[in-house]
Amino acid sequence: MSRLIVISNRVSAPKGRSPAGAQGGLAVALGAMLREYRGLWFGWSGEKTDHFTGQINMHREDGITTATIDLEEQDVDEYYNGYANRTLWPLFHYRIDLAEYDRSFGSGYERVNHRFAETVAPLIEPDDLVWVHDYHLIPLATQLRQAGLKNRIGFFLHIPWPPRRLLVSLPFHERLVRSMLDYDLIGFQNEEWLDSFRDYVRYELGGTIEEDGTIIVGKRKVKAGCFPIGVDFEEFTEAVKSEETQQAYHRLLKSAEGKSVIVGVDRLDYSKGLEERFWGYRRFLEEHPDYHRHVLLLQVAPPSRGEVHTYEAIRERLDELSGRINGGFAEVDWVPIRYVNRGYNRAELAGFYRASDVGLITPLRDGMNLVAKEYVAAQDPEDPGVLILSRFAGAATQLRDALLVNPYSKDEISDAIRQALDMPLDERKRRWQSMYDSVEKEDVVWWRQNFVQALKGVEKRANLTIAS
């Protein structure tokens, strides 16, 4: 059987299969499949080196082999902090006003993708399946083809794909998209992102789309499809039963002292709509004074990407805004917002979700948002909470029985909070059961099997014509 070679920006060795573990989503998602395929996971270690040597650090744990490389300071600044997170991330999340275009960012991005390719290529055998993940590594297939690989190579984008009218603002946008034609299969989270990609191919590259979804540009044929990612349902529902989860559950209930709890869990990122969420909650407090002293918002927002100045700015604004709301509405025995800038592991978060009456998940734009699905999976079937979800999150296409809101509208957020808190038990159960069935059926196993089976089904290349 072919091996599976997974390539992503960062790699952290899996830490066993304990349901109370704190592994990242991608590690949990791919762990079982890497064991099944005797796979290899390759990427950046997160460490820096004075001079890039291409040295590979191999590690094997719990049946999974990881291979990592260290990058130079300049690589990290230009490739990761620069092009990936100051150019592509804001642009792909529709924040063209925040996107920074710097020639050095682009050269660093190409350089690191080349370093990835030249380092991992000797590790790949002719029959291996190669699965590349996310916006950091869009040109990697071209680099691997130039290194001589004819393998089936798939690419999955975990974040949104922007509309053509926004993408064309990116310098050398055509070069970037053409490099994607060197993959054999391209996966997106939902139909909106897939349609946006097809639209670009038609109108900017003169390509055509066949009835089966095959994209044709010149002599290149590429499969593209929708593969919405899910949670590790079995692992997560086991975590809900753990002692650590129960402790977190009782800890929040005890500290809430009978108040209704609204919970939000997000990385500290402008795409998550945290400022807009706070304004919506403030509007709720203004319009419903009868809920004062009877409700609280717990917002967990661990910092991310501190090296990028836009993240420092949003943290300052949220600190100020949460302080203003608390200062304006708090009593000596009640604070309306608990704003926490630290991370918790998945078992603890499961306890917070289960103890909460409302999950408030309102990103301005999100590829999927697995927190929404985890919130559903963590609920008590006899007394489930209500999910309020941004209609601009990828998860909204699957979790249709959530209360869907426009995250830019503080009035819609306020109205949804009131509706959620007043919702009768029978309606809460009905909405929850529908979403729970979707989360259980379309889980991470379903996602990864669908993608890998589709990749196996593409025709292996007979030559090495490079699309770009």
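Check the entry above for the structure.
Quick look at the structure, then.

Scoring rules and cut-offs
- Residues numbered from 1 in each chain as written.
- Predicted model: local features only at pLDDT ≥ 70, side-chain atom pairs only at ≥ 80, totals over all residues.
- Heavy atoms only, no water.
- Salt bridge = Lys/Arg side-chain N within 4 Å of Asp/Glu carboxyl O.
- Helix = DSSP H or I, 4+ residues; strand = E, 2+ residues; numbered from the N terminus.
- Buried < 20%, exposed > 50% of the residue type's maximum accessible area, 1.4 Å probe, protein only.
- Pairing = 2+ DSSP bridges.
- Contact = heavy atoms within 4.5 Å.
- Axes fitted to C-alpha atoms, helices over the stretch in contact; angles between N-to-C directions.
- Phe/Tyr/Trp six-rings, centres within 6.5 Å; stacked < 30°, edge-to-face > 60°.
- Lys NZ or Arg CZ within 6 Å of the ring centre and 35° of its normal.

1. Some points on the pattern of salt bridges
Applying the stated criterion across every chain, the model contains 36 salt bridges. One salt bridge connects Arg283 with Glu286, and the closest N-O pair in it is separated by 3.2 Å. With Arg283 and Glu286 both in helix α10 (residues 274-287) and three residues apart, the pair spans about one turn of that helix. Looking at Glu286, the relative accessible area reads 42%, which means it is partly exposed. Notably, a salt bridge pairs Arg346 with Glu374, separated by 3.8 Å at the nearest N-O pair.

2. Structural notes on unusual backbone geometry
One can expect most non-glycine residues to show negative phi and most peptide bonds to be in trans. The backbone of Arg38 shows a phi angle near 55°, a positive value even though the residue is not glycine. Tracing the backbone shows Arg38 in the loop between α1 (25-36) and β2 (40-49). Look at Glu257: it is not a glycine, yet its phi comes out positive at around 55°. Note that Glu257 resides in the loop between α9 (243-256) and β11 (260-265).

3. Structural notes on the sheet that holds strand β5 (residues 129-133)
Taking strand neighbours across the sheet as the criterion, the 10 strands line up as β3-β4-β2-β1-β5-β6-β7-β10-β9-β8 in an open arrangement whose pairing is mixed. A strand with exactly one partner marks an edge of an open sheet, and here the two such strands are β3 (57-61) and β8 (208-209). With four bridges joining them, strand β1 (residues 4-10) and β2 adopt parallel strand pairing. Each residue of the ladder has a partner; that of Ile5, found in β2, is Leu40. Here helix α3 (residues 103-120) sits on the sheet and contacts β1, β2 and β4 (64-72); the angle it forms with β2, its principal contact strand, is near 125°. Along the sheet, helix α16 (residues 444-457) contacts β5, β6 (153-156) and β7 (185-188); its crossing angle with β5, the most-contacted strand, is approximately 125°.

4. A short note on the sheet that holds strand β13 (residues 337-340)
Pairing is parallel across the open sheet formed by six strands, whose spatial order is β13-β12-β11-β14-β15-β16. Every other strand in the sheet has two partners, leaving β13 and β16 (403-405) as the edge strands with one partner each. Pairs of neighbouring strands in the sheet enclose a mean axial angle of 20°, with direction left out of account. Pairing of β11 with strand β14 (residues 358-361) involves two bridges; the strand directions are parallel. Within β14, the position partnered with Val263 by the bridge is Gly359. This element, α9, spans β11, β12 (295-300) and β13 of the sheet and lies at about 140° to β13.

5. Structural notes on the pairing of β3
Relative to β4, β3 runs antiparallel, the two sharing five bridges. Each residue of the ladder has a partner; that of Met58, found in β4, is Ala67. Taking the residues that link successive antiparallel strands as the turn, the β3-β4 hairpin has two residues, and the phi of Asp62 there is positive, at about 55°.

6. Some points on the packing of aromatic side chains
Across all of its chains, the model carries 24 aromatic pairs by this definition. Between Phe42 and Phe116, the ring centres sit 5.5 Å apart and the planes meet at 90°, which makes this aromatic pair edge-to-face. Of this pair, Phe42 sits in strand β2 while Phe116 is found in helix α3, placing the two residues 74 residues apart along the sequence. Accessibility assignment for this pair places Phe42 and Phe116 in one class, buried. Ring centres of Tyr79 and Tyr109 lie 6.3 Å apart, and the angle between their planes is 25°; this geometry places the pair in the stacked category. On the criterion of sequence distance, the pair formed by Tyr79 in helix α2 (residues 73-92) and Tyr109 in helix α3 is long-range, its members being 30 residues apart. Across the pair, exposure class does not vary: Tyr79 and Tyr109 are buried alike. Over the aromatic face of Tyr344 sits the side chain of Arg342, whose NZ or CZ is 3.9 Å from the ring centroid. A cation over a ring is seen here: Arg365 above Phe392, with NZ or CZ 4.8 Å from the ring centre.

7. Some words on the pairing of β4
The two faces of the sheet receive side chains in turn, since in a regular strand these alternate between them. The element β4 is extensively covered by neighbouring structure, given that eight of its nine residues are classed as buried. In this sheet, β4 lies alongside β2 in parallel orientation, the contact comprising seven bridges. Within β4, the residue paired with Gly43 across the bridge is Thr68.

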